[in-house]
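Letter by letter, the chains look like this.
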Amino acid sequence: MADQPLSAPGSQGDAIRTELLERRYGRRLALQGLSLAVPRGSVFGFLGPNGAGKTTAVKLLLGLVRPTGGEGMVLGRPIGDIQTRRRIGYLPELFRYQEWLTAREVLHSHAALSGMPGPRRRAACRESLELVGLGEHAGRRVGSFSKGMQQRLGLAVALLGEPELVVLDEPTSALDPVGRHDVREILHGLRSRGTTVFLNSHLLTEVEAVCDQVAVIDEGRVVAQGSLEQLLRRPGVEVQVEGLGEDEIRALGGRRTADGLAHFPTAEGRDVPEIVAEIVRRGGRIHAVRPQRESLEERFLELLGVR
Amino acid sequence: MLEVCRLAIVESLRRRLTLALFAATILLVGLTGWAFSAINRVSTLVGAGRLGQFSVLLVFLMLLFTGMLALTATFTAAASVAGELESGVAAAILARPLGRPAYLFGKWLGLAAVVGGFALFAGGGEMLVVSRVAAYAPPEPVLALCLITAQALLLMTLSFSLATRLSAVTSAIIATVAFFVEWMLGTVSLMGVALKYPTLATVGEVGKILLPTNALWQGAEYYLEPRALIALAHGLEAFVGDPFIVLAPQPPATLAWAALWTAVVLALGIWSLRRRII
């Protein structure tokens, strides 16, 4: 994607587009040459190990940190543009809100800070709190909230006023399985509404479940980027079958695995009907068919050179 | 900006700072009333002697009050600024369409309202209770209060700006120590004048430029002293260098420098926050 200039017509469709974005802290390079394209309306996963530069990238996109090199556009405006922040919702990694305010007051305060017109605020705050399951706790002081509830509150703040772009930095780090499920549902809801989501997370299974596209960064550089379809390899199809000998399976291009399954290493999902028809024609009885796909975790570890 | 200002005031209310300051005011005013009433009852002085006695007592009381105010101003401001920056609350606020100058200035306005309000309320209460129980009122209480409040705001601004980079405790301690050092330098300078030793006097002048808190205090002190006492002290060798007698108001240039100093330090705080990684 980096071969298209930021001002090119194609870039109009991107919610985020960066070109060789760099941030240096003294002599340490926290982020180098970050080139990203996040299409509007997508749920974009941003992955990387600790210290890879993910949070620095998020802060650069929000204008909380200034780049020392490169350029970028967010929602069609240069990064750091203050007015663009009206259209962005942000959940920081270190989610802390004034503990002496109630949840409702935190939302009202953020509504005021984002310039939301007064008459809209009450309804918008209520909707946002209900969306994250804090509707019943709107009048409670934040100081009495558990960590998980505070993270839900952070999510409510990020979703306030239906922003065009939602940036979530580790949104489920403090949540229990129920909370994580709720966040997944919220993310699906955002996608169906056309909201762009930039999701920075360590939880690869979660990213795999909700993201359309991902980018993996390591030591400040993008090491892979694309849709999950493009990124994850498909190491064949597994079939649980009876009534076929080893030779017949081999004749179909497969082999028997140690646990008795027939494995077709070069086949893909689209080849399944043909494989099934051929097995049945040869008298085999099929109990299950599982197209294989490399997990995001496997691919992630491979990209980082861990495997 | 106004929302941040409002939040700073709400914070002081919710964290019971305002309540604590109110309680402190009641205690202070109550004790002052009791002490001045007792002194008034047992004192045998009349005329100029009585005037001098109550003048010195009020000046001493207000001097102690400025020390208390200094601690309140420095710790309140530093805790509020550094607390938000270190906890991450500021990151969530600054991700909104709000520039860092507006954020910091809004916060400064809110804290200035709390600290200034306390200075005026408690300081005014003390002068009022003295006038009621001892029938003694300084000649220019409003001007004196304004300068005492300005001193508190100046010190608050120093602590406030330091807290954009340093921890709350460090910022507050630096500002408080600076305040007391400048107080000592001011006293040393007066001794230099009394002993006709120019080096000591120069040290005080330099200190006044570096941190004009003592200059503001001396300005306030002048407005707390009866004019008759000042007229009496003029030309008398015994009063030269006396920290409880200020014979002239602070020149407008000194007051202008104090205002400029506050503005510059606040601007430096804003500059510091703009460069800080949130």
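Residues numbered from 1 in each chain as written. Chains lettered and ligands numbered in written order. Predicted model: local features only at pLDDT ≥ 70, side-chain atom pairs only at ≥ 80, totals over all residues.

Student: Just checking my understanding: could you explain the overall build of chain A for this structure?
Tutor: Counting its regular elements, chain A contains 10 helices and 14 strands. Principal-axis analysis of the C-alpha atoms gives chain A an extent of 75 × 45 × 35 Å. Here chain A, with 307 residues, has 42% of them falling under the buried criterion. (Helix = DSSP H or I, 4+ residues; strand = E, 2+ residues; numbered from the N terminus. Buried ≥ 20, exposed ≤ 12 C-beta atoms within 10 Å, placed from the backbone.)

Student: Whenever I open this one, the packing of helix H5 (residues 100-134) of chain B against helix H11 (residues 252-275) of chain B confuses me. Can you help?
Tutor: When two helices pack together, you describe them by how their axes are tilted relative to each other and by the distance separating the axes. Residue and element names in this part refer to chain B. The geometry of H5 relative to H11 is characterised by a closest axis approach of 9 Å and an angle of 135° between their N-to-C directions. Between H5 and H11, the crossing angle belongs to the class labelled oblique. The way H5 lies across H11 gives a crossing that is right-handed. Every residue of H11 that contacts H5 at Arg100, Pro101, Leu104 and Trp108 is listed here: Leu266, Gly269, Ile270, Leu273 and Arg274. (Axes fitted to C-alpha atoms, helices over the stretch in contact; angles between N-to-C directions. Parallel < 35°, antiparallel > 145°, perpendicular 65-115°, else oblique. Left-handed = near helix turned anticlockwise from the far one by under 90°. Contact = placed C-beta atoms within 7 Å.)

Student: How should I be thinking about the packing of helix H6 (residues 141-162) of chain B against H11(B) in this particular structure?
Tutor: Residue and element names in this part refer to chain B. Between H6 and H11, the shortest axis-to-axis distance is 9 Å and the interhelical angle comes to 20°. When the axis of H6 is compared with that of H11, the two are roughly parallel. Of the two elements, H6 crosses H11, and the hand of that crossing is left-handed. Contact with H6, carried on its side by Ala150, Leu153, Leu154, Thr157, Leu158, Phe160 and Ser161, involves Ala258, Trp261, Thr262, Val265, Leu266, Leu268, Gly269 and Ser272 of H11 and no other residues of that element. Tallied by class, the residues present in the contact of H6 with H11 amount to 10 nonpolar, five polar and no charged. (Nonpolar A, V, L, I, M, F, W, Y, C, P; charged D, E, K, R; others polar.)

Student: Explain the confidence of the model for chain A to me, please; I cannot follow it from the model alone.
Tutor: Scored by pLDDT, chain A has a mean of 82; 94% of the residues are at 70 or more. The low-confidence segment residues 1-11 of chain A (pLDDT under 50) makes 13 contacts with residues lying over four places distant or belonging to another chain. (pLDDT = per-residue confidence, 0-100.)

Student: Where do I start with the environment of B:Thr32 in this structure?
Tutor: Residues and elements named next belong to chain B. Along the chain, threonine 32 turns up in helix H2 (residues 17-42). Sequence separation between threonine 32 and glycine 125 is 93 residues, and the spatial gap between their C-alpha atoms is 9.5 Å. Excluding residues within four positions of it along the chain, threonine 32 makes contact with Leu61, Glu126, Val129 and Val130.

Student: Help me understand the nonpolar core in this model?
Tutor: The nonpolar side chains of a soluble globular protein tend to be buried with one another. Core analysis: the largest hydrophobic core is formed by 145 residues, its most contacted members being A:Ala156, A:Val167, B:Ala78, B:Val115, B:Ala152 and B:Met156. Those residues in contact with B:Ala78 that sit more than four places away from it in its chain are B:Ser159, B:Leu162, B:Ala163, B:Ala168, B:Ser171 and B:Ala172. Counting 10 residues, the second-largest nonpolar core is a separate cluster that includes A:Val239, A:Ile249, A:Ala262 and A:Phe264. (Core = buried A, V, L, I, M, F, W, Y, C linked by C-beta atoms within 7 Å.)

Student: I would appreciate a short explanation of helix H4 (residues 147-159) of chain A in the present structure.
Tutor: Residues separated by three or four positions in an α-helix point in the same direction, a consequence of the helix having 3.6 residues per turn. End to end, H4(A) covers 18 Å across 13 residues, agreeing with the expected 18 Å (1.5 Å per residue, within 8%). Counting buried positions over the 13 residues of H4(A) gives 11, a clear majority of the element. Here H4(A) has its buried residues at A:Met149, A:Gln150, A:Gln151, A:Arg152, A:Leu153, A:Gly154, A:Leu155, A:Ala156, A:Val157, A:Ala158 and A:Leu159. Next to the buried residues of H4(A) lie strand E6 (88-91), helix H2 (103-113), helix H3 (118-131), strand E7 (165-169) and helix H5 (177-193) of chain A together with helix H4 (89-94) of chain B. After H4(A) finishes, the residue A:Gly161 shows a positive phi value of roughly 75°. (Expected span 1.5 Å × (residues − 1).)

Student: Looking at this model, I keep getting lost on the pairing of strand E10 (residues 221-227) of chain A. Mind explaining?
Tutor: Looking along a regular strand, one sees side chains alternate from face to face of the sheet. Residue and element names in this part refer to chain A. One ladder, built from six bridges, connects strand E9 (residues 213-218) with E10; its direction is antiparallel. Residue pairing across strands places valine 214 opposite glycine 226, the latter belonging to E10. Adjacent in sequence and paired antiparallel, E9 and E10 are bridged by two residues, among which glutamate 219 carries a positive phi angle near 50°. (Pairing = 2+ DSSP bridges.)

Student: How do you make sense of the sheet that holds E10(A) when you look at a structure like this?
Tutor: Either a parallel or an antiparallel arrangement is found when strands of a sheet pair, and the pairing is made through backbone hydrogen bonds. Residue and element names in this part refer to chain A. Strand order in the open sheet made by the six strands is E6-E7-E8-E3-E9-E10, with mixed pairing throughout. Looking at which strands have only one partner, the edges of the open sheet turn out to be E6 and E10. Direction aside, the axes of adjacent strands within the sheet are offset by 15° on average. Pairing analysis gives four bridges linking strand E3 (residues 43-47) to strand E8 (residues 196-200), with the strands arranged parallel.

Student: Just checking my understanding: could you explain the pairing of strand E11 (residues 237-242) of chain A for this structure?
Tutor: Residues and elements named next belong to chain A. Relative to strand E13 (residues 262-264), E11 runs antiparallel, the two sharing three bridges. Note on E13: the bridge partner recorded for valine 237 is phenylalanine 264. In this structure, E11 lies alongside strand E14 (residues 285-291), joined through six bridges in antiparallel fashion. Residue glutamate 242 lies in a different strand from E14, and its bridge partner there is arginine 285.

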